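# Descriptive analysis of the structure
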Amino acid sequence: WTHKDSHWLIVNERKSVACVHPETGEVQWTADGGGDSTPAIVGDFMALSQVIPIGLAGYRLSPKGADILWSHVLDARRTQTSPIIYKDHVYLLGADNHLCVQKETGSIAWSHKLRSNISSPLLADDKLFVFGNNGNDLMMLKASGQERIELAKAKVRALWCPSPSIAD
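Before going into details, it helps to say that this report is about the structure given with it. (Residues numbered from 1 in each chain as written. Predicted model: local features only at pLDDT ≥ 70, side-chain atom pairs only at ≥ 80, totals over all residues. Heavy atoms only, no water.)

### Considerations on the overall build of the chain
Short version of the rule: Runs of E in the DSSP output that reach at least two residues are strands. Runs of H or I that reach at least four are helices, and both are numbered from the N terminus. Here, two residues are considered to be in contact whenever any of their heavy atoms come within 4.5 Å of each other. Using a 1.4 Å probe, accessible areas were evaluated by the Shrake-Rupley method; residue-level cover was limited to the displayed protein chains.
If you tally the helices and strands in the chain, you get zero helices and 17 strands. In terms of overall dimensions, the chain has C-alpha extents of about 45 × 35 × 30 Å along its principal axes. When contacts within the chain are restricted to residue pairs at least 6 apart in sequence, long-range pairs at least 24 apart make up 38% of them. Total accessible area on the chain is roughly 8,900 Å²; 49% of this is exposed by carbon and sulfur atoms.

Set out below in structure tokens:
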């Protein structure tokens, strides 16, 4: 995370997220959060996904701490899919939830229940790529804050928790 001219590492711990100085290793602050997913950061905004009690949450970052702006507790055993921030929205696509949230307000733009897994999605060319159905399907969704639009789906029979990648 870069704030003004300072650079920091944002590190997930089991039940918290920490801001660490990259040269000294000194912990600047910690906040509720953490888990197995990777936080997404754009500017001074961070989104992360964690099991209860946090769920999917948006934070405002500063050198003094992370203030939670909003949180959506999700009814799922695992909500540890890494979120994606794109334009003005946060996408969480996994753990049986496909969810799009307005970044600044936390209002839900759309929500869709779908048998999914805990792999993290990929964003390319205004499209979201995510595995579903325990890794059997690779889905391509339009990255839209208006509605969930599935553009394509292919049977791939991947493992239940890989994350897609793109080459060339």
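### Notes on the packing of aromatic side chains
As a reminder, the rule being used: Only the six-membered ring of Trp is used, alongside the rings of Phe and Tyr, when aromatic pairs are assigned; centres must lie within 6.5 Å, and planes under 30 degrees apart are stacked while those over 60 apart are edge-to-face, with the rest tilted. Relative accessibility under 20% of the residue-type maximum defines a buried residue, over 50% an exposed one, and the middle range a partly exposed one, all with a 1.4 Å probe and only protein chains included.
Overall, the coordinates contain two aromatic pairs when judged by the stated rule. Centroid distance Tyr91 to Trp110: 6.3 Å. Interplanar angle 50 degrees. Geometry classified as tilted. One end of the pair, Tyr91, is in strand 11 (residues 89–94); the other, Trp110, is in strand 13 (residues 108–113), with 19 residues separating them in the sequence. Judged by relative accessible area, which is 1%, Tyr91 ranks as buried. Given a relative accessible area of 7%, Trp110 falls into the buried group.

### A word on the sheet that holds strand 7 (residues 45–50)
As a reminder, the rule being used: Pairing between two strands requires that DSSP report at least two bridges joining them. Here, axes are lines fitted to C-alpha atoms. For helices the fit covers the stretch in contact, and angles between N-to-C directions go from 0 to 180 degrees.
The strand order across the open sheet formed by four strands is 6-7-8-9, and the pairing between neighbours is antiparallel. Each edge of the open sheet carries a strand with a single partner, namely strand 6 (40–42) and strand 9 (65–72). Recorded for the sheet is a direction-independent mean angle of 25 degrees between the axes of neighbouring strands. Here strand 8 (residues 55–62) runs beside strand 9; their pairing, made up of seven bridges, is antiparallel. Counted as the bridge partner of Leu56 is His72 from strand 9.

Just geometry here; none of it tells us what the structure is for.
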